[in-house]
Amino acid sequence: MGVYVKSKMAAACVRTLGKVGRLVLETPVCRAANSYAVVPRNTLRGSNRSYGTGAGGFRSNPFFTTQLRSARVLGCSFLLGGGLGLYQTLKLTFQRHHAEEEAKPSGSGAELKLTLYQYKTCPFCSKVRAFLDYHGLPYEIVEVNPVMRKEIKWSSYRKVPILMVNDTMQLNDSSVIISTLKTSVVSREKTISQILDCYPKMVSKNDSGKEVVEYNNKYWIMVSGGEEEKLYPDKGARKEEIKWRKWADDWLVHLISPNVYRTPSEALTSFDYIVREGKFGTFEGFFAKYAGAAAMWLISKRLKSRHNLQNDVRQDLYKAANDWVAAIGKERKFMGGEEPNLADLAVFGVLGVMECSPLAFNDMMENSKIKPWYKRMEKATHHNKAQH
């Protein structure tokens, strides 16, 4: 119920109390004791004595005086009570309305204070940045030291990205963060807390006995009816978006490290960028650059085997890029049509971290069909970010 309706109801109640108060004050009992001229001369049966304003009557009567005082008190009580009731009702109504407005997310997200805890070269963090930039949502970045991670020591969740909303609400998992914020942008009546309840956390153990945390429904935008039709005007658009968002997380992400750390020199170049952009001390940065590059070069070999990649991992990268472009087709600028959807932003975010390795990134641009789409995404994302 709106503030305007509640205020009208409160005012109506007060008017009613006011009328009661005035009626009490204007009763004949009040007038009889208040003004002699109003009370007519009455003659009681069986008596020749008159009671009124004449000399033979009387000017006061204890019965009427007592009623007068009670009536005045009662009338004033109604009026005073009505005034206090109106004040308290309006005060509580506006306080509640103010609290509700603060809790509501805005379509622009301007009221939300967003703080992103990240690694600069993490593809999952890059996905979240791409979403925030495209939608023009202002945010602060806290670069987390990947060794000590002291910046997130307050959190039991030890991975990144972490997004803090208004310094009080923690969102984990890149896809949950994106789906939650997208729902809040589209459906302005839902609070972030209400939306987050739609993505319950599920904890299980894998074959190695390690605890695995997953989030149910994390690729779904929680809209229906008219909101769904506006967001997904074409039949099958929602299903297509979900399919390729999963593809970005389950396949495309696993192609990044084997390509970025393909050779020792490429690994060293990548870690030189990571150390410059990351939060490292002098000694820590030197150690991270050389030891980290060597470690990731070895790890990339294991990842190549784990995910059944070709000996030349570039071929898998080129194929993935071309599969994505083929899925968009020649008739659309983006998978979302004229504007990017969440699948566009996910793929763009994942591929964007490859810019830390110029050789791998340029090879992909020149040896696949993805360059025109990627440039359109850069323009759309950077333009929207600049507008805010």
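These numbers were taken from a predicted model, which means no experiment stands behind them.

Engineer: Please set out the sheet that holds strand β3 (residues 114-118) residue by residue, giving values where relevant.
Structural biologist: Spatial ordering of the open sheet is given by β4-β3-β5-β6, a layout of four strands whose pairing is mixed. The open sheet terminates on both sides in strands that have one partner only, identified here as β4 (140-143) and β6 (169-172). Along the sheet, successive strands turn relative to each other by an average axial angle of 20°, direction set aside. Strand direction decides the pairing type here: β3 and strand β5 (residues 162-165), joined by four bridges, are antiparallel. Its bridge partner lying in β5, Thr 115 is registered against Met 164.

Engineer: Quick rundown of the pairing of β6? Include the residues and the values.
Structural biologist: In this sheet, β6 lies alongside β5 in antiparallel orientation, the contact comprising four bridges. Note that in β6 the partner of Ile 162 across the bridge is Asn 172. Linking β5 to β6, which pair antiparallel, is a turn of three residues; within it Asn 166 sits at a positive phi near 55°.

Engineer: How would you sum up the pattern of salt bridges? Please name residues and give values.
Structural biologist: Two side chains with opposite charge may pair up if their charged atoms get near one another. Considering all chains together, one arrives at 16 salt bridges under this definition. We note a salt bridge from Arg 314 to Asp 363, for which the minimum N-O separation is 3.1 Å. Here Arg 314 is found in helix α12 (residues 313-328), whereas its partner Asp 363 is found in helix α14 (residues 358-367), with 49 residues between them in sequence. Between Asp 323 and Lys 319 there is a salt bridge, with its nearest N and O atoms 2.9 Å apart. Of the two residues, Asp 323 and Lys 319 both sit in helix α12, four residues apart, roughly one turn of that helix. What makes Asp 323 partly exposed here is its relative accessible area of 32%. Through salt bridges with shared partners, a single ionic network connects Arg 262, Glu 266, Arg 314 and Asp 363.

Engineer: Run through helix α11 (residues 282-306), naming residues and quoting values.
Structural biologist: Taking 1.5 Å of rise per residue, 25 residues should cover 36 Å, and α11 covers 34 Å from first to last C-alpha, within 8% of that figure. Along α11, the largest kink reaches about 30° and is centred on Gly 292. What α11 keeps buried is the set Gly 285, Ala 288, Lys 289, Gly 292, Ala 293, Met 296, Ser 300, Leu 303 and Lys 304. Where α11 ends, the next residue or the one after it, Asn 308, has phi of about 55°, a positive value.

Engineer: Talk me through the side chain of Asp 249; I want residue IDs and the actual numbers.
Structural biologist: Within the secondary structure layout, Asp 249 lies in helix α8 (residues 237-250). For Asp 249, a relative accessible area of 9% corresponds to the buried category. At 2.7 Å, the side chain of Asp 249 and the side chain of Tyr 219 are in polar contact. Setting aside its immediate chain neighbours within four residues, Asp 249 contacts Phe 124, Lys 127, Ser 175, Tyr 219 and His 254.

Engineer: I'd like a description of the packing of helix α10 (residues 264-277) against α11, backed by residues and values.
Structural biologist: Between α10 and α11, the least distance of the axes is 8 Å, while the angle of their chain directions is 140°. Between α10 and α11, the angle is such that the two are oblique. Crossing of α10 over α11 shows right-handed handedness. In this structure, α10 uses Pro 264, Ala 267, Leu 268, Phe 271, Asp 272 and Val 275 to contact α11, whose residues at the interface are Gly 285, Ala 288, Lys 289, Tyr 290, Gly 292, Ala 293, Met 296 and Trp 297.

Engineer: Pulling in residues and values, what's your account of the environment of Ile 256?
Structural biologist: One can find Ile 256 in helix α9 (residues 256-260). Residue classification places Ile 256 among the buried residues on the basis of a relative accessible area of 6%. Remark: the alpha-carbon pair of Ile 256 and Ala 360, spanning 104 residues in sequence, is separated by 9.2 Å.

What counts, and at which threshold
- Residues numbered from 1 in each chain as written.
- Predicted model: local features only at pLDDT ≥ 70, side-chain atom pairs only at ≥ 80, totals over all residues.
- Heavy atoms only, no water.
- Pairing = 2+ DSSP bridges.
- Helix = DSSP H or I, 4+ residues; strand = E, 2+ residues; numbered from the N terminus.
- Axes fitted to C-alpha atoms, helices over the stretch in contact; angles between N-to-C directions.
- Salt bridge = Lys/Arg side-chain N within 4 Å of Asp/Glu carboxyl O.
- Buried < 20%, exposed > 50% of the residue type's maximum accessible area, 1.4 Å probe, protein only.
- Expected span 1.5 Å × (residues − 1).
- Bend = angle between axes of the 7 residues up to and from the residue.
- Polar contact = N/O pair within 3.5 Å; in protein donor to acceptor, adjacent residues only side chain to side chain.
- Contact = heavy atoms within 4.5 Å.
- Parallel < 35°, antiparallel > 145°, perpendicular 65-115°, else oblique.
- Left-handed = near helix turned anticlockwise from the far one by under 90°.

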